[in-house]
Amino acid sequence: MKSLSRHLLASAIVTALSFSHLVQAEDSIQQLASQLAEQAQASSLGYEIVESLTVEVGPRLPGSEADTRAVAWAEAKLKQLGFDRVYKEPVTVPVWLRGDAQANITSPFPQKMVITALGGSVATPEQGIQAEIIRFASLDELKAADMAQVQGKIVLIDHKTERAKTGAGYGKSVPGRSKGAIVAAEKGALAVIIRSIGTDSDRMAHTGMMRYQDGVNKIPAAAISNPDADLIEAMLKRDPKVVLSLKLSPQSQGEATSYNVIAEVTGSSKADEIVLIGAHLDSWDEGTGAIDDGAGVAIVTAAGKLIQDLPRKPARTVRVVLYAAEELGLIGGKAYAKAHAAEMDKHYIAAESDFGAGRIYQLDWKVNDKALPQVLELSAEMAKIGVAAGNNQASGGPDVSMLPELGVPVASLRQDGSDYFDFHHTPNDTLDKIDPKALAQNVAAYAQFAYLMANSDIELRPIPAAKNKVVQK
């Protein structure tokens, strides 16, 4: 009996010591995560990275010569920063060149318009198109119109984008850009122009990807500046027969090879399990791609570098993915999911930064319901840098939005996008729009998030079964 008592006592002591060690280990992880955040907020690394990208490469349309330079820049930068592993994976991308764009009201009040082609648009005939404008306040209004109203005219979809911290207004107006040419063509329109999908009042046009549909005539598609949309509306109130002359010369030039560029911090004890943090490397060609998505490239790269430089590596591998051709339809994200299909079960969690450089104010998740209280508790320390606990309805970001359907948990680090759509897809997307301190807070949040997840013992799967909407950029 005494022997058994001594054995039980010894066992209790061992258990107590083990529990104490576990608590110390958890405390150590939390402390390191907090130190990472402090270090990130005191560092200018994120800003230096986005400055390097915008100055040394600039705009980088998928499939272009600048895109090739961007891939070379990314590979060299990641190697220079000392990641354990740097590699790239090929992605086939369409090649589309913008060409020139001209638009003029010829009657009854001749004036020049500020316009740009939408991504993927066909050209007008060489002599251009001249026709009356018919205005619709939304895509739904166009859908409801009689064909006789539209046939032989240029459709204007005049949907105003609402300003919101979450960017919710974009989701309401963007269908006019992506589907407007299809609906207008089905009703016999010669071309479609849209009010720019933006919240600014600057006289510059916002580009962005549009779509065609097999079996439906391809008509030219362009965006006009918000002040010019206002101007046309005012003209139409004075005279219902406003005539527009439109010339666009974009070209599609087949396909090219771009790359997803990837860097890894190799895990110490669970190296085959992956915490993915990503951004997209490409950009539209009007600005220098600073906020979309040079900021995201800088945020996840700098966060990964901070974790790389720790004296002790995290348990899981932290994988930084710089995706190709997001702007043309999440092409790099889809290619990554296909290339890594066999290891989707090894992806512990994924998140993407692609909403500019506004401060992160909330962390949302998509994990199983039992895990949600645990991840909220684990990430509670992030409140110190202004990141509040969120909900369980994350998409993860555009290039990782298809991963939940493959069983991968995701997180969304919500950024303040109040002014994001002032600059989005315009010539005004330049470095001066980035606040270095806000960018550093983003780096801090991603570093803290990735490190905590890379050391977490929480079982995040299975994730909720509800369908996940792929984010449309």
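Values in this document were obtained by computation on a predicted structure and should not be read as measured data.

**Q** I would appreciate a short explanation of the packing of aromatic side chains in the present structure.
**A** To describe a pair of aromatic rings, you give the distance between the ring centres and the angle between the ring planes. Scanning the model with the defined rule gives seven aromatic pairs in all. When the centroid spacing of 6.0 Å and the interplanar angle of 85 degrees are considered together, the rings of Tyr323 and Tyr336 count as edge-to-face. Highlighted residues: Tyr323 in strand β12 (residues 316-323) and Tyr336 in helix α9 (residues 331-339), separated in sequence by 13 residues. When the ring of Phe355 is compared with that of Tyr420, the centres are 4.6 Å apart and the planes differ by 55 degrees; the resulting orientation is tilted. You can see Phe355 sitting in the loop between β13 (347-352) and β14 (360-366) and its partner Tyr420 sitting in helix α11 (residues 420-423), a full 65 residues away along the chain. By the burial criterion, Phe355 is buried, and Tyr420 matches it.

**Q** Looking at this structure, how should I read the nonpolar core?
**A** Generally speaking, soluble globular proteins have nonpolar side chains that are buried together. Ranked by internal contacts, the top residues of the largest apolar core, which has 101 residues, are Val155, Leu281, Trp365 and Phe449. Per-element accounting of this core gives the leading share, 12 residues, to helix α12 (residues 436-455). Among the nonpolar cores identified, the runner-up in size contains 32 residues, and Ala131, Ile224, Ile232 and Trp284 belong to it.

**Q** Looking at this model, I keep getting lost on the UniProt feature "domain: Peptidase M28" (unreviewed entry) in the protein chain. Mind explaining?
**A** In the numbering used here, UniProt assigns the feature "domain: Peptidase M28" (unreviewed entry) to residues 260-448. The straight-line gap between the two end C-alpha atoms of residues 260-448 is 24 Å; of that span, 28% is helix and 24% is strand.

**Q** Would you explain the packing of helix α2 (residues 45-56) against α12 in this entry?
**A** Helix packing for two helices is described by the angle between their axes and how far apart those axes are. Direction vectors running N to C along α2 and α12 enclose 110 degrees, while the axes themselves pass 8 Å from each other. As summarised for this structure, α2 and α12 are arranged roughly perpendicular, according to the angle between their axes. Taken together, the residues of α12 that come into contact with α2 (itself represented by Gly46, Tyr47 and Val50) are Pro436, Leu439 and Val443. Taken together, the residues that form the contact of α2 with α12 break down as five nonpolar, one polar and no charged.

**Q** Would you mind showing me how to read the environment of Met113 here?
**A** You can see Met113 is positioned in strand β3 (residues 111-113). Take Met113: its relative accessible area is 4%, and that puts it in the buried class. Distance from Met113 to Asp158, taken between C-alpha atoms, is 15 Å for residues 45 residues apart in sequence. Excluding anything up to four places from it in sequence, Met113 contacts Ala103, Asn104, Ile105, Arg203, Asp228, Leu231, Ile232 and Leu244.

**Q** Would you explain the pattern of salt bridges in this entry?
**A** Where charged atoms of side chains with opposite charge meet at close range, the side chains can pair. Tallying each qualifying case throughout the model produces 23 salt bridges. Residues Lys313 and Asp84 are paired through a salt bridge, measuring 2.8 Å at the closest nitrogen-oxygen approach. Of this pair, Lys313 sits in the loop between α8 (290-308) and β12 while Asp84 sits in the loop between α3 (65-80) and β1 (85-97), and the two are 229 residues apart along the sequence. For Lys313, a relative accessible area of 23% translates into the label partly exposed.

**Q** Can you help me understand the side chain of Thr430 in this one?
**A** Within the secondary structure layout, Thr430 lies in the loop between α11 and α12. Judged by relative accessible area, Thr430 falls into the buried class, the value being 19%. Side chain to side chain, Thr430 and Lys433 meet in a polar contact 2.7 Å long. Residue contacts for Thr430: discarding those within four places in its chain leaves Thr288 and Ala290.

**Q** Teacher, can you tell me more about the environment of Phe83 here?
**A** Along the chain, the position of Phe83 falls in the loop between α3 and β1. Placed 164 residues apart in sequence, Phe83 and Lys247 show a C-alpha to C-alpha distance of 48 Å. Excluding anything up to four places from it in sequence, Phe83 contacts Leu78, Ala263, Glu264, Val265, Thr301, Gly304, Lys305, Gln308 and Val320.

**Q** What am I meant to see in the packing of α2 against α3 here?
**A** Contact geometry of α2 with α3 gives a least axis separation of 11 Å together with a crossing angle of 150 degrees. One way to sum up the angle between α2 and α3 is to call them roughly antiparallel. Every pair of crossing elements has a handedness; the one defined by α2 and α3 is right-handed. Across the interface between the two elements, Ile49, Ser52, Leu53 and Glu56 from α2 touch Arg69, Trp73 and Lys77 from α3. Among the residues making up the contact of α2 with α3, the classes are represented as three nonpolar, one polar and three charged.

**Q** In this structure, what is going on with unusual backbone geometry? I would like to understand it.
**A** Excluding glycine, most residues fall at negative phi; most peptide bonds, likewise, are trans. That bond from Asp292 to Asp293 is cis: its omega, 5 degrees, falls within 30 degrees of zero. At the junction of Arg461 and Pro462, the peptide bond is cis and its omega measures out at -10 degrees in the coordinates. Looking at the secondary structure, you find Pro462 in the segment after α12. Even without being a glycine, Ala325 presents a positive backbone phi close to 50 degrees. Relative to the helices and strands, Ala325 resides in the loop between β12 and α9. The phi dihedral of His425 is positive, around 65 degrees, even though this residue is not glycine. The topology assignment puts His425 in the loop between α11 and α12.

Parameters and conventions
Residues numbered from 1 in each chain as written. Predicted model: local features only at pLDDT ≥ 70, side-chain atom pairs only at ≥ 80, totals over all residues. Heavy atoms only, no water. Phe/Tyr/Trp six-rings, centres within 6.5 Å; stacked < 30°, edge-to-face > 60°. Helix = DSSP H or I, 4+ residues; strand = E, 2+ residues; numbered from the N terminus. Buried < 20%, exposed > 50% of the residue type's maximum accessible area, 1.4 Å probe, protein only. Core = buried A, V, L, I, M, F, W, Y, C linked by side-chain atoms within 4.5 Å. UniProt positions renumbered as here; feature names shortened; annotations may be inferred. Axes fitted to C-alpha atoms, helices over the stretch in contact; angles between N-to-C directions. Parallel < 35°, antiparallel > 145°, perpendicular 65-115°, else oblique. Contact = heavy atoms within 4.5 Å. Nonpolar A, V, L, I, M, F, W, Y, C, P; charged D, E, K, R; others polar. Salt bridge = Lys/Arg side-chain N within 4 Å of Asp/Glu carboxyl O. Polar contact = N/O pair within 3.5 Å; in protein donor to acceptor, adjacent residues only side chain to side chain. Left-handed = near helix turned anticlockwise from the far one by under 90°.

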